[in-house]
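A look at the structure
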Amino acid sequence: MYGTPPADFSLKRRGGETLVLKEQVADVKASPKPSKNKRSIKRHFLHLFLLPALIFYVGFQVYPILTAFVNSFYSFKGMVRQDFIGLENFVRLFTEEPYNTIFTRAFWHNIIYFIGTVVAKLVLAFALALLINSKIKGREFFKAVFFMPKLLSVIVVGFLFSLILNPTNGALNSFLKMVGLAEWAHPWLGDPKTALYTIILVNSWYGIGFAILIFLAGLQAIPEEIYEAAKIDGSYGLKMLFQITIPMAMPSIMIMTILTFIGSFETFELVFAMQGSSGGPYYSTDVLALFFYRLAFGSVDGGDAIGLGSALAVVLFLIICTATAISLFFFKRKEIEQ
Amino acid sequence: MAELILEHIYKEFDKNVTAVSDFHLHIEDEEFIVFVGPSGCGKSTTLRMIAGLEEITSGSIYINGTRVNDVAPKDRDIAMVFQNYALYPHMTVYGNMAFGLKNRKFPKAEIHDRVMNAARILGLEELLDRKPKALSGGQRQRVALGRAIVRDAQVFLMDEPLSNLDAKLRVQMRAEIAMLHQRLKTTTIYVTHDQTEAMTMATRLVVMKDGFIQQIGSPKEVYEYPENVFVGGFIGSPAMNFFTGVVGEGTFEIGDTKLFIPESRMEMLRGLSYIGKEAMIGIRPEHIEEAFVGNESGTKTNVSIQVDVSELMGAETMVYSSLEGQKFVARLSAETAIRPGKLVNLAFSMEKVHFFDKETEMRIR
């Protein structure tokens, strides 16, 4: 039932692993129904190719995550794990000063960060995607230009904008003064009232290209015929936008909202680059990831840094997971209904 | 109900590409007009110009006497059924049908009545709460029809509405659309590339090719008296057979084969001085029969040919062969004993033959 082995069979035999694969391939080609045993051997053999990636994934993703979970239930002395203390780290995080104040403040900043980014980035990105999708000249050019910031490192973007927004010699204030709007000049990053919103805008500038691409893909998936049918059915302009375009682009809108949520709760580099590890001025831009960084590595509380930090990481993980799961659940249900 | 006048319509894309040329047609109230032709012949473009989805380069379209060239699609009082149904995936079946009425600010009660009525006609009552995704192809097509029906529009425009359905469903829906037309009597313009659909549904056919109208007429007229070689070859399945030869005195000579020409046709050919010239004849597959001793008559010519392929279709057999190197197909009865490779006699019914000019490919008459 097996086919003739390839002509160079005997040569390959010395080739160790190569030989096994060769034999399998020859078998599959030659006989329409290789035995179950042979097929499963082949399948298992193919699994081996996943191993290198799996090793890296487990070593650098799964293992640290699991360690963080375990560590959050232990007390620490420096880097050394001590006793199992149950939920005490979590209780301290939520009830003990200053952790609870910092946590609550940072949490709300993350929420503002998320809402602000949705408004500034997603709404504008959708509008721009609509424009680019409407057969304007040079659409490829605009697509590229809007996407360009994403090619820079976040740290570079943060540094660049720190320079631009410098209150005394930054480009923005200089420009405002030059055009006679000196009274609009402002220490954007230095004023606790504007600092967070300024960072949100910078982040939106940075990420808008990606959002535009996702929205464009969503818009381009809407068949032209649907618009034509709607036109005949008396749907025009804004009406069409709300009746047809937005509902049909919902999958891409949902995906971007979920990604923005995850991004907002993970945000670290940009704030760190622009405002330092304490989310200045006066913690006005402090977010959970910064708090975690200070807690775990910044020796805010030398004794239990790892335990408390792990607990915060776990909380952060749970917030993101829960919110994403809930939104995906509703999104999926909506999709199935359609 | 409405009558439509399409007055010398032209459509040019990008200056150089002319999609539709001099389309001139008067559509009577209650007609079921079918635009038929191969893809790229301009039939869909013409329909879209009537719908207002495509600008008219020159010419005028009148619906009930009103020139609509510059009227928006929603104000033309037309309803359109698209090839891919173009249902709104985020709305239920009810929502899809009600959408046009809602936008026209109809009272809720009337919308409900109209949608329910259309759902009854189309058998969609059970499906009103479903989303299009949960429907089969045939059901989606019905919803698309329902969306047109509820509007009670003056004109129905249908752009290849059955081409996405499987063969069996297509035949069924074809009959349903025809019945719907008999019931509602709404003037309908239907675009298809399928000549069977065109033949079975139309009150009048408009055969198009390369943007030009080739022939306008009832299915019977177009089938029996094709204006040119293209129409003869396009309408009818299998297609009309064409032979090139020379017109002699009383015979049409294809190589060594001489086919008898009836006197009435001879008079016409003589009058137009075709004697001695090259011409084409067209003969439908059903006008070639098996020749038996005794069925020879004045208008039939028997020729001896070798059969290449025979296909039993159930009720009939298609026999493929060639005469002096020119291929043809004959539609014979299912009982025929003719088999591939055999040498057989076939009788050409020469009184049914059409003559075409070799150069212009137009029917000689």
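Residues numbered from 1 in each chain as written. Chains lettered and ligands numbered in written order. Predicted model: local features only at pLDDT ≥ 70, side-chain atom pairs only at ≥ 80, totals over all residues.

Okay, the overall build of chain B next. Each helix and strand in chain B was counted, giving nine helices and 20 strands. Each of the 365 residues in chain B was classed as buried or not, and the buried ones make up 40%. Restricting the contact set of chain B to residue pairs at least 6 apart, pairs at least 24 apart contribute 67%. (Helix = DSSP H or I, 4+ residues; strand = E, 2+ residues; numbered from the N terminus. Buried ≥ 20, exposed ≤ 12 C-beta atoms within 10 Å, placed from the backbone. Contact = placed C-beta atoms within 7 Å.)

This next bit is on the interface of chain A and chain B. The interface is formed by 15 residues belonging to chain A together with 19 residues belonging to chain B. Looking at the side of chain A that touches chain B, the elements that each hand over two or more residues are helix H11 (224-232) and helix H12 (237-248) of chain A. The element contributing the most residues to the side of chain A that touches chain B is H11(A), with six residues. Of the residues belonging to the side of chain A that touches chain B, the class tally is seven nonpolar, three polar and five charged. (Nonpolar A, V, L, I, M, F, W, Y, C, P; charged D, E, K, R; others polar.)

Bringing the sheet that holds strand S20 (residues 354-357) of chain B into the picture now. All names here are of chain B. The five strands are arranged S13-S12-S11-S14-S20 in an open sheet whose pairing can be described as antiparallel. The sheet terminates laterally at strand S13 (257-260) and S20, the two strands that pair on one side only. With strand direction ignored, the average angle separating the axes of adjacent strands in the sheet is 45°. Inspection of the sheet shows strand S12 (residues 251-254) paired to S13 by four bridges, in the antiparallel sense. Among the inter-strand pairings, glutamate 253 is bridged to a residue of S13, identified as lysine 258. (Pairing = 2+ DSSP bridges. Axes fitted to C-alpha atoms, helices over the stretch in contact; angles between N-to-C directions.)

Residue and element names in this part refer to chain A. When we look at burial in helix H8 (residues 154-164), the residues that qualify are Val154, Val157, Gly158 and Phe161. Along H8, the residues classed as buried sweep out an arc of 100° about the axis, all on the same side. Relative to its buried face, H8 has exposed residues pointing more than 90 degrees away, namely Val156 and Leu163. Its buried side turned inward, H8 meets helix H10 (192-220) and helix H14 (269-275). (Arc of directions from axis to C-beta.)

To continue, consider the nonpolar core. A:Ile212, A:Phe215, B:Val34, B:Met80, B:Leu157 and B:Val207 are the most contacted members of the largest nonpolar core, which totals 118 residues. Filtering out sequence-adjacent residues up to four positions away, A:Ile212 remains in contact with A:Ala125, A:Leu128, A:Ala129, A:Ile132, A:Lys143 and A:Phe146. (Core = buried A, V, L, I, M, F, W, Y, C linked by C-beta atoms within 7 Å.)

Turning our attention to the sheet that holds strand S4 (residues 58-63) of chain B. Within a sheet, each strand pairs with its neighbour through backbone hydrogen bonds, oriented either parallel or antiparallel. Residues and elements named next belong to chain B. Reading across the sheet, the four strands line up as S2-S1-S4-S5 and stay open at both edges, with antiparallel pairing between neighbours. Whereas interior strands pair on both sides, the edge strands pair on one side only; in this sheet they are strand S2 (17-27) and strand S5 (66-67). Two elements, S4 and S5, share two bridges in a ladder whose sense is antiparallel. Bridged to tyrosine 62 within S5 is arginine 67.

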